Amino acid sequence: MRAYIGRRLLALIPTLFFASLIVFISMRLIPGDVIDLMLAQNDIVTGQDRAKIEAALGLDQPVYIQYFRWIGDAVTGDLGDSLWQNVPVTDQLMASLPITFELGLLALIVALSVAVPIGVYSAMRQDTAGDYVARSFSLIMLAIPSFWLGTLVMVFPSVWWRWAPELEYTPFFEDPITNLKHMIVPAILLGLSMSAVTMRMTRTMMLEVMRQDYIRTARAKGVGEKLLVVRHALRNGLIPVVTLIGLQAPLLIGGAVILEQIFVVPGMGLLLLEAVFQRDYPVISGVFLVVGVGVLVINLLVDLSYGWLDPKVRHE
Amino acid sequence: MSSDTLLDIEHLSVSFRTDRGKVRAVSDLSLSLKRGETLAIVGESGSGKSVTALSILRLLGDNGVIDHGRVVFEGRNLLSLSTDEIRRIRGDRIAMIFQEPMSSLNPVLTIGKQVAEPICLHRDKNWDEAFEIAVELLTKVAIPDAKERLDDYPHHFSGGMRQRVMIAMALACEPRLIIADEPTTALDVTVQAQILALLNELTEQSQTALILITHDLGVVARYADRVAVMYGGRIVETADAKELYANPQHPYTVGLMASIPGIEGDAGARLITIDGQPPDLADLPSGCAFATRCQHAHDACRTSIPALDPVEQNPSHRSACFGYPL
Ligand SMILES: Nc1ncnc2c1ncn2[C@@H]1O[C@H](COP(=O)(O)OP(=O)(O)OP(=O)(O)O)[C@@H](O)[C@H]1O
Ligand code: SF4
Ligand SMILES: [Mg+2]
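Values in this document were obtained by computation on a predicted structure and should not be read as measured data.

Draft legend 1. Geometry of the overall build of chain B. Within chain B, the secondary structure is distributed over eleven helices and twelve strands. Relative to the 2.2 N^0.38 estimate, which gives 20 Å for 326 residues, the radius of gyration of chain B is 20 Å and therefore close to what a compact globule would have. C-alpha extents for chain B along the principal axes are approximately 65 × 45 × 45 Å. Per-residue burial over chain B gives 54% buried out of 326 residues. Contacts spanning at least 24 positions in sequence make up 64% of the contacts within chain B whose residues lie at least 6 apart. Roughly 14200 Å² of accessible area belongs to chain B as shown, and the carbon and sulfur atoms make up 48% of that amount.

Following this line, the structure appears as structure tokens:
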């Protein structure tokens, strides 16, 4: 098992290399560059100043030199400084990563605690009114973009009940309750949008599992319906659901970017968005690097959880 | 019903709702079984053997409907019990062994847990006590080092070993009836013989009645006390095993006998083969279902269904045939 994890971690390196290459290049393809923005802001117009700033920021070099310089530093843990704020990108990431992580984790908890029970219920009551309601709910959640729902939650409760979601961030370890009050709304929205697909998958898998021979064996032993689901069917049904959660990880991060913006959560999404507006290349690269590692790590965790769910994998 | 009758199936009819409409899989089937007796049910694929077996424990899927009939077990009609009452009979008084050892065990639960489960469900025992009994059961079905294997998963076991586990599981609560639906069809020939011998030995030891569904007439000759031959969802002939071999009456049974090389000899996979196609249950002929393949068929056969009547005044030997000149 340890050798397996080691191998998987090694395999991350080339993947990350290519991912970073793509990020680095595509970033330079966004029209408008940082120097233009800086010059515009400071009312400096002369070509000489432009060259000076470019040289200072290392942007006068060819892109591939910039890239290798960046990746060389990145390996040592130095992701450069923000072009605007003059602080190390690593510091900015360290500050924002835990916040996004918390948001993602809360969203995942929401998603699973909505999707799995409803998915199982839907499968057990196939083609009843309850099943249709659950499936319609899932379709609606699939169709509604979370930014729209987010805006709705911002606007309507304040109009109707003079209630608005908390918009001030408090670190979790300072005051968990206030922190959760702020985080829970975006987490629920993100979780709900994630739960749609997960629920459908849970339903499909449970229907599939309930048709298996070993379920009939369990029934023939006198296992009741509740125990049948919990002990005999659920674990078998969840194996593919876990894969799906891994596949949804990038989606989760994408959703987080938008919801962090709406609910003013100072996570990586907000950091990324600001960096993109300002063409703050080192920050963008840094965020993408972390996101890339994050997605790969999530998928590694997904693989490892198979070991817990599926004894066949555990012993191989 | 005499006092040593364990199971009495009376006029059982079962159908399935399908895309092609309602399909009758079992029609007006009656049979009875004494305590400790072994009854073999034989017949071609699709003749309704499994449906009959599953109906006893009400394990037909959602689309299966029991149209009428009674299944009286130890004096109670299983078909009119509540779901909770039938659940308490399953795995306790009546156990079942299925055909596919590869898919009939749960891949994510340990062998120990699966064997011990019925004991936990039906007896006032906790898991540890149930595990101890499971070790005894696994030893009984000749799983070596049973104690060490409790934590193994089904994929560690070969097909034959899994079927032994299924037998151990079936025996767990000392049931009065075991229904084994082609328990060896999926196994190697040599393993088949071992498993059947084991099943026979253990049921005999514990005086457990056995319904053995099989394609293999060699198996029937060796282990069964009684035989029921099914065709097109009905029993067409039933008799004591010896009587049936000595004096088969129904043309279908005669055909079955002729299609096997010899009753004695190794228990190879003698799949039943008779000229012609098995009947289409959705479109059964109006008379005797076998008429399309029967060389003795005459006009009466095509208009009405023959009753399962005693042969030569022998009430234990019955055949459903209008008769034909020999
Ligand atoms: N779940 C089901 N849905 C629809 N029809 C079914 C179902 N189960 C069985 N049948 C029908 O009932 C008939 C009898 O099936 P059954 O499984 O009892 O045959 P069998 O005698 O056990 O055959 P085999 O030797 O192949 O196991 C089949 O022809 C099939 O068409
Ligand atoms: S009733 Fe007629 S068709 Fe049917 S088995 Fe007897 S002789 Fe053949
Ligand atoms: Mg069958």
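Draft legend 2. Structural detail: the overall build of chain A. When helices and strands are tallied, chain A shows 13 helices and zero strands. The order of α-helices and β-strands along chain A, N terminus first, is α-α-α-α-α-α-α-α-α-α-α-α-α. Residues classed as buried in chain A amount to 42% of the 316 residues present. Long-range contacts, defined here as pairs at least 24 residues apart, represent 72% of the contacts in chain A between residues at least 6 apart. Surface exposure of chain A reaches about 16600 Å², of which carbon and sulfur atoms provide 69%. Positive and negative side-chain charges in chain A, numbering 23 and 26 respectively, have mean positions lying 17 Å apart.

Draft legend 3. Quick look at the domain arrangement of chain B. Residues and elements named next belong to chain B. By the assigned domains, chain B splits into domain 1 (5-93 + 173-319) and domain 2 (105-172). Tallying the contact residues gives 17 residues for domain 1 and 14 residues for domain 2. Regarding the contact of domain 1 and domain 2, the summed buried area is about 1400 Å², with carbon and sulfur atoms giving 65% of it. For domain 1, the biggest contributors to the area lost against domain 2 are C173, L198 and L202; these three give 38% of the whole. At the surface where domain 1 touches domain 2, the tally comes to one salt bridge. Between D92 and R123 there is a salt bridge, with the nearest N and O atoms lying 3.0 Å from each other.

Draft legend 4. Fine view of the packing of aromatic side chains. Following the criterion strictly, the structure yields eight aromatic pairs over all chains and no others. Centroid distance Y231 of chain B to F290 of chain B: 5.0 Å. Interplanar angle 80°. Geometry classified as edge-to-face. In this pair, Y231 of chain B is assigned in strand 9 (residues 226-231) and F290 of chain B in the loop between helix 10 (251-258) and helix 11 (299-303), connecting sequence segments 59 residues apart. In this pair, the class of Y231 of chain B matches that of F290 of chain B, namely buried. Among the aromatic residues, those joined into a ring-pair cluster are F17, F18, Y67 and F68 of chain A. The ring of W127 of chain B is capped by K113 of chain B, whose NZ or CZ atom sits 5.0 Å from the centre of that ring. Just above the ring of F157 of chain B sits the side chain of R149 of chain B; from NZ or CZ to the centre is 4.3 Å.

Draft legend 5. Quick peek at the site of ligand 2. Taken together, H250, P251, C288, F290, A291, C294, A297, C301, P306, C321 and F322 of chain B make up the full set of residues adjacent to ligand 2. When grouped by side-chain class, the residues that make up the shell around ligand 2 number ten nonpolar, one polar and no charged.

Draft legend 6. Region of the structure containing the confidence of the model for chain A. Summarising the model, chain A shows a mean pLDDT of 82, and 92% of its residues fall at 70 or more. Across chain A, element-level confidence peaks in helix 9 (residues 213-220) of chain A with a mean pLDDT of 96 and bottoms out in helix 2 (residues 34-42) of chain A with 68.

Draft legend 7. The pattern of salt bridges, seen in detail. Residue and element names in this part refer to chain A. Tallying each qualifying case throughout the model produces 20 salt bridges over all chains. Across the pair D131 and R135 runs a salt bridge, and its minimum N-O distance is 3.2 Å. Within this pair, D131 and its partner R135 are both found in helix 6 (residues 129-143), separated by four residues, close to a single helical turn. Notably, a salt bridge pairs R203 with D131, separated by 2.9 Å at the nearest N-O pair. Of this pair, R203 sits in helix 8 (residues 176-210) while D131 is found in helix 6, placing the two residues 72 residues apart along the sequence. Neither residue differs from the other here; R203 and D131 are each classed as buried. Counted as one network, the salt bridges with shared partners bring together D127, D131, R135 and R203.

Draft legend 8. Summary view of the sheet that holds strand 2 (residues 21-34) of chain B. All names here are of chain B. Taking strand neighbours across the sheet as the criterion, the four strands line up as 2-1-4-5 in an open arrangement whose pairing is antiparallel. At either margin of the open sheet sits one strand with a lone partner, and together these are strand 2 and strand 5 (76-77). When strand 4 (residues 64-73) meets strand 5, the two strands line up antiparallel, connected through two bridges. Bridging across to strand 5, F73 finds its partner in R76. Against the sheet, helix 1 (residues 49-56) contacts strand 1 (5-18), strand 2 and strand 4, and its axis sits at roughly 115° relative to strand 1.

Draft legend 9. Broad picture of the site of ligand 1. All names here are of chain B. Near ligand 1 there are 15 residues, and of these S45, G46, K49, S50 and V51 occur at the shortest range. Between S45 and ligand 1, the recorded distance is 2.5 Å, taken from a side-chain N or O atom to an oxygen atom. For ligand 1, whose unbound accessible area comes to 630 Å², protein coverage reaches 67%. When contributions to the shell around ligand 1 are tallied by element, the ones reaching two or more residues are strand 1 and helix 1. Looking at the shell around ligand 1 element by element, the count peaks at three residues for helix 1.

Draft legend 10. Molecular detail of the interface of chain A and chain B. Each partner contributes residues to the interface: chain A has 20 residues there, and chain B has 28 residues. Buried surface at the junction of chain A and chain B, both sides included, amounts to about 2100 Å², of which 59% is carbon and sulfur. In this assembly, chain A and chain B are joined by two salt bridges. Across the pair E117 of chain B and K221 of chain A runs a salt bridge whose closest N-O atoms are separated by 2.9 Å. One can count twelve residue pairs in polar contact (both at pLDDT 80 or more) joining chain A with chain B. Looking at the side of chain A that touches chain B, the elements with two or more residues in it are helix 9, helix 10 (225-262) and helix 13 (311-314) of chain A. In terms of residue count, the dominant contributor to the side of chain A that touches chain B is helix 9 of chain A (six residues). Tallied by class, residues from the side of chain A that touches chain B come to six nonpolar, six polar and eight charged.

Reading guide: rules and limits
Numbering of residues starts from 1 in every chain and runs along the sequence as written. Following the order in which they are written, the chains are lettered starting with A and the ligands numbered starting with 1. Two thresholds apply to this predicted model, a pLDDT of at least 70 for residue-level local features and 80 or more for giving and counting side-chain atom pairs, whereas whole-chain, interface and lining totals are computed over all residues. Side-chain measures were taken over the full set of non-hydrogen atoms in the model, leaving aside hydrogen atoms and water. Numbering of helices and strands runs from the N terminus; a helix is a DSSP stretch of H or I covering at least four residues, while a strand is a stretch of E covering at least two. Restricting the calculation to C-alpha atoms gives the radius of gyration, and the globule rule supplies 2.2 Å times the number of residues raised to the power 0.38. Here the term buried applies to any residue with accessible area under 20% of the maximum for its type, exposed to any over 50%, and partly exposed to those in between, with areas from a 1.4 Å probe on protein chains only. Throughout, a contact is declared for two residues whenever any of their heavy atoms are within 4.5 Å. Methods summary: accessible areas were calculated by the Shrake-Rupley approach with a probe of 1.4 Å, and residue burial reflects only the protein chains presented. Asp and Glu count as negative and Lys and Arg as positive, but His and the ends of the chain are not part of the count. One atom stands in for each charge, and that atom is NZ of Lys, CZ of Arg, CG of Asp or CD of Glu. By convention here, the domain bounds are inherited from an automatic or database domain assignment. Joining two parts hides part of their accessible area as seen by a 1.4 Å probe, and the buried area is that hidden amount summed over both. When a carboxyl oxygen of Asp or Glu is within 4 Å of a side-chain nitrogen of Lys or Arg, the pair counts as a salt bridge. Here a Phe, Tyr or Trp ring, Trp counted by its six-membered ring, pairs with any other such ring whose centre lies within 6.5 Å, and the pair is stacked when the planes are under 30 degrees apart, edge-to-face when over 60, and tilted otherwise. We call a charge positioned over a ring when the NZ of a Lys or the CZ of an Arg lies within 6 Å of the ring centre and within 35 degrees of the ring normal. We define proximity as follows: a residue is near a molecule or strand when any one of its heavy atoms falls within 4 Å of that partner. All residues other than Ala, Val, Leu, Ile, Met, Phe, Trp, Tyr, Cys, Pro, Asp, Glu, Lys and Arg, Gly among them, are scored as polar; the first ten of these are nonpolar and the last four charged. Confidence per residue, as judged by the predictor, is encoded in pLDDT with a range of 0 to 100. Any two strands between which DSSP finds at least two bridges are classified as paired. Orientation is described by lines fitted to C-alpha atoms, with helices fitted over the stretch in contact, and by angles between N-to-C directions that extend from 0 to 180 degrees. Counted as a polar contact is a pair of N or O atoms within 3.5 Å, where, for protein atoms, one must be capable of donating a hydrogen and the other of accepting one, and residues adjacent in sequence contribute only when both atoms are in side chains.

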